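One letter stands for each residue in the lines below.
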Amino acid sequence: MTPQMLQTFFVMEFLRFGIDLAGMSILMFGMYYRRYRDKELVTAAALFNIFVFAVLTVLSVVDFGVAAGFGLFAILALFTLRSEPLSKTEMTYFFGSVAIAVISSVQGTTIPFAAVTVLFVLVGAYVIDHPKMLQSVSGTKISLDKIHHALLADPAAMRAELSRRLGVDVLSYQVLQLDYITEMAKLNVYYRKH
């Protein structure tokens, strides 16, 4: 590689990395964190984005087989088996962060094409998860210090109990974790304010 070609390569990579960082920052810090205030997921998704960008940039420059690519994704799948379960919204934002890294790092696309594609991802996320889009229902995670007998046996009674405790109209709930040793239950609760 000539010095001119090397310089062009690095300029293009910095532009791609700039698109990646800008897109990921808008998605995770500008949208997700402002709406959900989950620092742990934002940190994980942001770092994962940077790591995926770096790995895919290297892999797109060297000769890399399809089998090795499937092996890489099998390793990534193990993370989900060893990790705390993510909600659908958390998983979607996490995948969006990874998608932005993939879109930005693919060498076969032009810089403007990558930028416009990342912009489409951001606009889609902004519109679909905008608070005014589905404003009538909110959700939150809660921990109960005692497992209520109606938790699994009588969902209607449990919704009524949660509504009474929280002072909102609980529409549904999802059991995330039960620990009978400590008598703790973790729930996702979906509610409408009175």
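Thresholds, definitions, all that
- Residues numbered from 1 in each chain as written.
- Predicted model: local features only at pLDDT ≥ 70, side-chain atom pairs only at ≥ 80, totals over all residues.
- Heavy atoms only, no water.
- Helix = DSSP H or I, 4+ residues; strand = E, 2+ residues; numbered from the N terminus.
- Buried < 20%, exposed > 50% of the residue type's maximum accessible area, 1.4 Å probe, protein only.
- Pairing = 2+ DSSP bridges.
- Axes fitted to C-alpha atoms, helices over the stretch in contact; angles between N-to-C directions.
- Contact = heavy atoms within 4.5 Å.
- pLDDT = per-residue confidence, 0-100.
- Phe/Tyr/Trp six-rings, centres within 6.5 Å; stacked < 30°, edge-to-face > 60°.
- Core = buried A, V, L, I, M, F, W, Y, C linked by side-chain atoms within 4.5 Å.

Here we come to unusual backbone geometry. With the exception of glycine, most residues fall at negative phi, and the peptide bonds are largely trans. One non-glycine residue, Arg 37, lies in positive phi territory at about 55°. Non-glycine residue Glu 183 carries a positive phi angle of around 60°. Inspection of the secondary structure assignment puts Glu 183 in the loop between β2 (169–179) and β3 (184–192). On the basis of relative accessibility, which here comes to 31%, the residue Glu 183 falls in the partly exposed class.

Strand order in the open sheet formed by three strands is β1-β3-β2, and the pairing between neighbours is antiparallel. Of all strands in the sheet, those bounded by a partner on one side alone are β1 (138–144) and β2. Across this sheet, the average inter-strand angle for adjacent strands is 20°, counted without regard to direction. Note: β1 against β3, seven bridges, orientation antiparallel. Along β3, the bridge assignment pairs Ile 142 with Leu 187. Strands β1, β2 and β3 of the sheet are contacted by helix α7 (residues 155–166), whose axis makes an angle of about 105° with β2.

Once that is clear, we can look at the confidence of the model for the protein chain. Of all residues in the protein chain, 86% have pLDDT values of 70 or greater, and the mean over the chain is 84. Within the protein chain, helix α5 (residues 111–128) carries the highest mean pLDDT (94), whereas helix α3 (residues 66–82) carries the lowest (59).

This next bit is on the packing of aromatic side chains. Across all of its chains, the model carries six aromatic pairs by this definition. On the basis of an interplanar angle of 65° and a centroid distance of 5.6 Å, the ring pair of Phe 9 and Phe 10 is categorised as edge-to-face. Owing to a relative accessible area of 25%, Phe 9 belongs among the partly exposed residues under this scheme. Between Phe 17 and Phe 53, the aromatic rings sit 5.2 Å apart at their centres with planes inclined by 50°, giving tilted as the arrangement. You can see Phe 17 sitting in helix α1 (residues 3–36) and its partner Phe 53 sitting in helix α2 (residues 39–61), a full 36 residues away along the chain. Linked through ring pairs, Tyr 32, Tyr 36 and Tyr 93 together constitute an aromatic cluster.

Time to look at the nonpolar core. Membership of the largest hydrophobic core comes to 23 residues, with the highest contact counts inside it found for Leu 27, Met 28, Met 31, Tyr 32, Tyr 93, Val 118 and Leu 122. Put simply, the parts of the chain that give this core at least two residues each are α1, α2, α4 (88–105) and α5. In contact with Met 28, other than residues within four places in its own chain, are Tyr 33, Leu 41, Val 42, Ala 45, Tyr 93 and Ser 97. Listed in part, the 14 residues of the second largest apolar core include Leu 144, Val 170, Leu 187 and Val 189.

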